[in-house]
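Chain by chain, the residues:
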Amino acid sequence: MTFRLRKLYDLGAWGAAACMLVICALVTLQVLFRCLDGLLVLFGTNRLGLEVSGVSEIAAYLLVGATFLSLAYTFVHHAHIRVTLVISRLPSSVRVWVESACLSVALALSLVLGWELIGLVRESLDYGDVSSGLLAIPLWIPQTVLTAGVGLLCLALLEALAATLRIAITTPSRYVAPEQDEETGGE
C-alpha cells in the first residue's frame, strides 16, 4: 500500500526521534553532573551542585511526545501489533471488507480522541493550566504534541481506509493484506 503523505508521517517520526534524543541528552547531562560532584567530593572539595531542574517532568512530556508523534509512522510501516489469527484465514474478498471495518473503527476512535484532545488544549489555554511540577510548564504545549500525533494517525488511517475501500469496491478478490504485500515486495 502506498501512502501519499508518507513524508508527513516521516516528519512525525523525526519529531519522535528528536524527543528521544533530548531525553537522552538530559539524562546524560544529569548523570555527568552527578559524576562530577562525586569526583569533587572524592578529591576533598565541595560539590558544585549542578543539576537540570525538572528533568523527570521534561522527560515524561518528551516520552509522551515521542510515543504519539510516532503513531502514524509505525502504522504505515505495519509495526503496530495486530492480531490477524482469524482474518488471515478469510478469503480475500471477505477479508478486504473486514479490514475496512477494522480501519473504520480505528479511525472513528482516533477521531474521537483527537476531538477530545483539541478540547483539552482549548481548556488548558482558557484556564492557563500549568503542570504541578517544579517547572510549571504550560500544559497546552505537551497536549498540542499529543493532538498532532493523533492527527497524523487519523490521516494515515484515512489513507489506508480509502485504499482498502477502493480495492473492496473494484476488485475484492485481488486484495492482499498490507503486511503480506510488503513481504512480497509490493508497496
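In this text the structure is predicted, and so the values were computed from the model without any measurement. (Residues numbered from 1 in each chain as written. Predicted model: local features only at pLDDT ≥ 70, side-chain atom pairs only at ≥ 80, totals over all residues. Heavy atoms only, no water.)

Can you lay out the overall build of the protein chain for me, pointing to particular residues and giving the numbers?
Along the backbone of the protein chain there are six helices and zero strands. The order of helices and strands in the protein chain, counted from the N terminus, is α-α-α-α-α-α. Here the protein chain has a C-alpha radius of gyration of 22 Å; the compact-globule value for 187 residues is 16 Å, and the former is much larger. Projecting the C-alpha coordinates of the protein chain onto the three principal axes gives extents of approximately 75 × 40 × 30 Å. Here the protein chain holds 187 residues, and 33% of them are scored as buried. For the protein chain, long-range pairs separated by at least 24 residues make up 75% of all intrachain contacts whose partners lie at least 6 apart in sequence. If you sum the accessible surface of the protein chain, you get close to 11600 Å²; carbon and sulfur atoms cover 69% of it. Charge-centre separation for the protein chain: the mean point of 11 positive side chains lies 9 Å from the mean point of 15 negative side chains. (Helix = DSSP H or I, 4+ residues; strand = E, 2+ residues; numbered from the N terminus. Rg over C-alpha atoms; globule rule 2.2 N^0.38 Å. Buried < 20%, exposed > 50% of the residue type's maximum accessible area, 1.4 Å probe, protein only. Contact = heavy atoms within 4.5 Å. Areas by Shrake-Rupley, 256 points an atom, 1.4 Å probe, with all protein chains shown as cover. Lys, Arg positive; Asp, Glu negative; His and termini not counted. Charge placed at Lys NZ, Arg CZ, Asp CG, Glu CD.)

Tell me about the packing of helix α4 (residues 92–127) against helix α5 (residues 140–170), and please be specific about residues and values.
Running from N to C, α4 and α5 point in directions that differ by 160°, and their axes come no closer than 8 Å. It follows from the interaxial angle that α4 and α5 lie roughly antiparallel. In this structure, α4 crosses over α5, and the sense of that crossing is left-handed. A breakdown of the residues in the contact of α4 with α5 according to their chemical character gives 25 nonpolar, nine polar and one charged. (Axes fitted to C-alpha atoms, helices over the stretch in contact; angles between N-to-C directions. Parallel < 35°, antiparallel > 145°, perpendicular 65-115°, else oblique. Left-handed = near helix turned anticlockwise from the far one by under 90°. Nonpolar A, V, L, I, M, F, W, Y, C, P; charged D, E, K, R; others polar.)

Help me get a handle on a nonpolar patch on the surface, residues and values and all.
Taken together, L5, L8, L11 and L155 make up a surface patch of nonpolar side chains, about 320 Å² in accessible area. With respect to the helices, strands and loops of the structure, L155 is situated in helix α5. (Patch = residues over 30% accessible without salt bridge, like charges linked within 9 Å, V, L, I, M, F, W, Y side chains within 5 Å. Salt bridge = Lys/Arg side-chain N within 4 Å of Asp/Glu carboxyl O.)

Any details on the UniProt feature "transmembrane region" (unreviewed entry) in the protein chain? Residues and values, ideally.
Cross-referencing UniProt, the feature "transmembrane region" (unreviewed entry) maps to residues 12–33, 58–76, 96–115 and 135–158 in the present numbering. With 79% helix and 0% strand, residues 135–158 has its two end C-alpha atoms placed 38 Å apart. (UniProt positions renumbered as here; feature names shortened; annotations may be inferred.)

Tell me about the state of the cysteines, and please be specific about residues and values.
For the structure shown, the criterion picks out zero disulfides. Counting only cysteine sulfurs, C24 is the nearest neighbor of C35, a cysteine outside any disulfide, at a range of 16 Å. Here C35 falls in the partly exposed class, since its relative accessible area comes to 43%. Left unpaired, C102 is separated from the closest cysteine sulfur, that of C154, by 17 Å. (Disulfide = S-S within 2.5 Å.)

Please set out the nonpolar core residue by residue, giving values where relevant.
Counting 20 residues, the largest nonpolar core has F3, Y9 and F75 as the members making the most contacts within it. Counting only elements with at least two residues in this core, the list comes to α3 (71–76), α4 and α5. Broken down by element, this core gets its largest block of residues, 10 residues, from α5. Not counting the four nearest positions on each side in its chain, F3 is found in contact with Y9, F75, V76, A156, E159 and A160. Formed by 10 residues, the second largest nonpolar core is a distinct cluster that contains A16, L26, V52 and L62. (Core = buried A, V, L, I, M, F, W, Y, C linked by side-chain atoms within 4.5 Å.)

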